[in-house]
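Working through the structure, step by step
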Amino acid sequence: MARAMEDFLRAAGLDLQDANLQGTPERVTEAWMSEFLDGYGRTPEEALGETFPAPPDSSGELVVVTDLRFHSMCPHHLLPVTGRAHVAYVPGERVVGFGRLSSLVDCFAHRLILQEDLARCVAGALSRVLGSPATACIIEAEQACLRMRGDKQRDAITHAEAYEGTLRKDGALRRELWARLGARR
């Protein structure tokens, strides 16, 4: 990767002897491997870590964690995406610590992934790993490709939603989720 970055900088017509570019290929490689693509090396099970039996009589009650900040890279232009994920689930067989939900978002966000797929992957993993009958992931993001390229929509916020199980249907549970998301603002 460092050699490819050197080739990229040369192809851009830059002088690799410039003091500001000394070590740049190695720094870029380290950043990409440890911060932007490290999600490929983790499974959702690893990200969620230890799970616990769901509390008795918790079936049907919504667990919601909002404003989980994340960063990712757009697979089309390799430009940054930053945003917030709102994650919800109804306990089924297992529950997980709240902080682990952020790790799950990062497990997928630290891959080259579309925002829509990120939401689907998080909701699907929660359903599968926790045995949850209802999951949701709602993403609000700032896409550098939309803000800096083309029409340069500097204030644009993109939204993607994914639902699994009973939250797929527009019903009381989904309305409760959206009421909670609206109440936090």
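Residues numbered from 1 in each chain as written. Predicted model: local features only at pLDDT ≥ 70, side-chain atom pairs only at ≥ 80, totals over all residues. Heavy atoms only, no water.

Okay, the overall build of the protein next. Secondary structure assignment for the protein yields 7 helices and 6 strands. Each of the three principal axes of the protein carries a C-alpha extent, and together these read 65 × 35 × 20 Å. Looking at the 185 residues of the protein, the share that counts as buried comes to 43%. Across the protein, contacts joining residues at least 24 apart in sequence account for 68% of those joining residues at least 6 apart. With an accessible surface of roughly 10,200 Å², the protein has 53% of that area assigned to carbon and sulfur atoms. Across the protein, 22 positive and 26 negative side-chain charges occur, with their mean positions spaced 4 Å apart. (Helix = DSSP H or I, 4+ residues; strand = E, 2+ residues; numbered from the N terminus. Buried < 20%, exposed > 50% of the residue type's maximum accessible area, 1.4 Å probe, protein only. Contact = heavy atoms within 4.5 Å. Areas by Shrake-Rupley, 256 points an atom, 1.4 Å probe, with all protein chains shown as cover. Lys, Arg positive; Asp, Glu negative; His and termini not counted. Charge placed at Lys NZ, Arg CZ, Asp CG, Glu CD.)

Here the focus is the nonpolar core. In this structure, F70, V87 and L101 are the most contacted members of the largest nonpolar core, which totals 32 residues. The set of elements that each furnish at least two residues to this core consists of β2 (63-73), β3 (80-90), β4 (94-96), α4 (98-109), α5 (115-130), β5 (134-143) and β6 (158-165). It is α5 that provides the largest number of residues to this core, a total of 7 residues. When residues no more than four places from it in sequence are discounted, the contact partners of L101 are L48, V65, L68, V87, Y89, V96 and L126. (Core = buried A, V, L, I, M, F, W, Y, C linked by side-chain atoms within 4.5 Å.)

Another point: the state of the cysteines. Scanning all chains against the criterion turns up 0 disulfides. Free of any disulfide, C121 has its nearest neighbouring cysteine sulfur in C107, separated by 8.7 Å. You can call C121 partly exposed: its relative accessible area is 28%. (Disulfide = S-S within 2.5 Å.)

Attention now goes to the confidence of the model for the protein. Averaged over every residue, the pLDDT of the protein is 93; residues scoring 70 or more account for 98%. Put simply, helix α7 (residues 172-183) is where the protein has its lowest mean pLDDT, 85, and helix α3 (residues 44-48) is where it has its highest, 98. (pLDDT = per-residue confidence, 0-100.)

What follows deals with the side chain of R111. Its place among the elements puts R111 in the loop between α4 and α5. If we ignore the near neighbours within four places in the chain, the residues touching R111 are F36, G39, Y40, R42, S72 and M73.

All chains considered together, the criterion is met by 1 aromatic pair. Both rings, one in W32 and one in F36, keep their centres 5.2 Å apart while their planes meet at 75 degrees; by these two values the pair is edge-to-face. Separated by 4 residues within a single helix, W32 and F36 lie in helix α2 (residues 24-36), roughly one turn from each other. The pair W32 / F36 is uniform in exposure class, with both members buried. Just above the ring of Y163 sits the side chain of R174; from NZ or CZ to the centre is 3.7 Å. (Phe/Tyr/Trp six-rings, centres within 6.5 Å; stacked < 30°, edge-to-face > 60°. Lys NZ or Arg CZ within 6 Å of the ring centre and 35° of its normal.)

On to the packing of α4 against α5, then. Relative to each other, α4 and α5 sit at 135 degrees, their axes nearing to 9 Å. In terms of orientation, α4 and α5 fall into the oblique class. In terms of crossing hand, the pair formed by α4 and α5 is right-handed. Residues L101, L104, V105, F108 and A109 of α4 touch α5, and the partners they reach there are L118, C121, V122, A125 and L126. Taken together, the residues of the contact of α4 with α5 sort by class into 10 nonpolar, no polar and no charged. (Axes fitted to C-alpha atoms, helices over the stretch in contact; angles between N-to-C directions. Parallel < 35°, antiparallel > 145°, perpendicular 65-115°, else oblique. Left-handed = near helix turned anticlockwise from the far one by under 90°. Nonpolar A, V, L, I, M, F, W, Y, C, P; charged D, E, K, R; others polar.)

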